[in-house]
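Structural characterization, general
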Amino acid sequence: KGTALARTYYKKYHDPASRRPYWHNTRTGTVSWDKPKLFGNNNNNNNGTDDCADVSFVPPKGRDYVVYCSVCRDSSRAAVVNCPESHDSFCRDCFLLLTTTGTYDVANRRNATTAPLTIPICGVCRYQHATRSCLTCTARDMTNRYFCDVCFANNHERDNDAAAGDNEDEKTAHITQWLVVPCVQCESHAARWRCHDCHNDVYCTPCFERWHRHGTRRYHCGGGVVAL
């Protein structure tokens, strides 16, 4: 019973630098490299499951996908809405302040092109912004299933296989939908950079670095961050 309760407020992460797991207590905000005693000493519990229901894989430094507030620029506050006109993003507190003071007039922006857009958070790690949704999982679970690039690669296929079990008919290709613009090179990660000399093509960080490492591409102009 204690282990089941602990799973509701502990989240397990894998650090890419040290390749070690660490645990985050969402109630107290504390982070520990040591496995909580509530989960015991073994890597697995008696029922064969891991100590935490969801294991989140932390992206390498500089390659995470988190859009921060354009106003307060607080690195601890992720943006929750984006303005299509200015391309600015706002955290919840700043957006509320701007709307209540009249600086950002929502009433005059309620049309198809200028209404503020909600920025969804990944439903697995709840840390990065979501880059795609799975329509198949959404229909099956009757709730929106959003994923960041990291959790989609590490959790989506594993969770689908677990849900299907031994039923091979259930292990079909899932239909996914991009929420952001994907990289033109790999087409599997969200674009973060734009190159003006590559016909305004957009790239994820690894592809941008690799594509502009040699030759005349090293001198290309641009490289602005693509937020959403």
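Let me begin by describing the structure that accompanies this report. For clarity, every value in this text was computed on a predicted model and none was experimentally measured.

1. Thoughts on the packing of aromatic side chains
Under the definition given, this model contains eight aromatic pairs. Relative to Y22, the ring of Y13 lies with its centre 5.4 Å away and its plane at 20°, an arrangement referred to as stacked. The buried category is assigned to Y13, whose relative accessible area is 11%. Under the relative-accessibility criterion, Y22 is labelled buried at 17%. Centre to centre, the rings of F90 and F95 are 6.2 Å apart; their planes meet at 35°, and the pair counts as tilted. For F90, a relative accessible area of 6% puts it in the buried group. Take F95: its relative accessible area is 16%, and that puts it in the buried class. What links up through ring pairs into an aromatic cluster is the set Y9, Y10 and F39. In this structure, R132 packs its charged tip against the face of F152, placed 4.4 Å from the ring centre.

2. Some thoughts on the environment of T28
The topology assignment puts T28 in the loop between strand 2 (21-25) and strand 3 (31-32). Assessed through its relative accessible area of 53%, T28 is described here as exposed. For the pair T28 and Y9, spaced 19 residues apart in the sequence, the C-alpha separation amounts to 9.3 Å.

3. What about the nonpolar core?
Side chains that are nonpolar tend, in soluble globular proteins, to be buried together. In this structure, C122, V124, C125, C134, C137, F147, C148, V150, C151 and F152 together form the largest nonpolar core, which totals 10 residues. With three residues, helix 4 (residues 149-164) is the single largest residue contributor to this core. Counting seven residues, the second-largest nonpolar core is a separate cluster that includes C183, C195, Y203 and F208.

4. Some words on the environment of A79
When you line up the elements, A79 lands in the loop between strand 4 (55-57) and strand 5 (81-82). Since its relative accessible area comes to 0%, A79 is described here as buried. Sequence-wise, A79 and F90 are 11 residues apart; in three dimensions their C-alpha atoms are separated by 4.8 Å. When residues no more than four places from it in sequence are discounted, the contact partners of A79 are V67, Y68, C69, S89, F90, C91, I119 and H129.

5. A closer look at the sheet that holds strand 9 (residues 146-147)
Strand order in the open sheet formed by three strands is 9-8-10, and the pairing between neighbours is antiparallel. Where the open sheet ends on each side, the last strands, each with one partner, are strand 9 and strand 10 (176-178).

6. With respect to the pairing of strand 2
Here five bridges tie strand 1 (residues 10-14) to strand 2, and the two strands are oriented antiparallel to one another. Across the sheet, the residue bridging to Y13 is Y22, located in strand 2. Note that strand 2 and strand 3 share two bridges and pair antiparallel. Residue pairing across strands places H24 opposite V31, the latter belonging to strand 3. In textbook terms, the turn of a hairpin is the stretch between consecutive antiparallel strands, and for strand 2 and strand 3 this stretch comprises five residues, one of which, G29, has a positive phi near 80°.

7. A few points about the environment of E157
For E157, the location among the structural elements is in helix 4. With a relative accessible area of 55%, E157 lands in the exposed category. For the pair formed by E157 and H174, sequence separation is 17 residues and the distance between their alpha carbons is 9.3 Å.

8. Regarding unusual backbone geometry
The phi dihedral of H199 falls on the positive side, at around 60°, and the residue is not glycine. Residue placement: H199 occurs in the loop between strand 11 (193-195) and strand 12 (201-203). Overall, the relative accessible area of 74% leaves H199 in the exposed class. Even without being glycine, N200 reaches a positive phi, approximately 60°. Within the secondary structure layout, N200 lies in the loop between strand 11 and strand 12. Residue N200 is classed as partly exposed on the basis of its relative accessible area, which comes to 39%.

Basis of the calculations
- Residues numbered from 1 in each chain as written.
- Predicted model: local features only at pLDDT ≥ 70, side-chain atom pairs only at ≥ 80, totals over all residues.
- Heavy atoms only, no water.
- Phe/Tyr/Trp six-rings, centres within 6.5 Å; stacked < 30°, edge-to-face > 60°.
- Buried < 20%, exposed > 50% of the residue type's maximum accessible area, 1.4 Å probe, protein only.
- Lys NZ or Arg CZ within 6 Å of the ring centre and 35° of its normal.
- Helix = DSSP H or I, 4+ residues; strand = E, 2+ residues; numbered from the N terminus.
- Core = buried A, V, L, I, M, F, W, Y, C linked by side-chain atoms within 4.5 Å.
- Contact = heavy atoms within 4.5 Å.
- Pairing = 2+ DSSP bridges.

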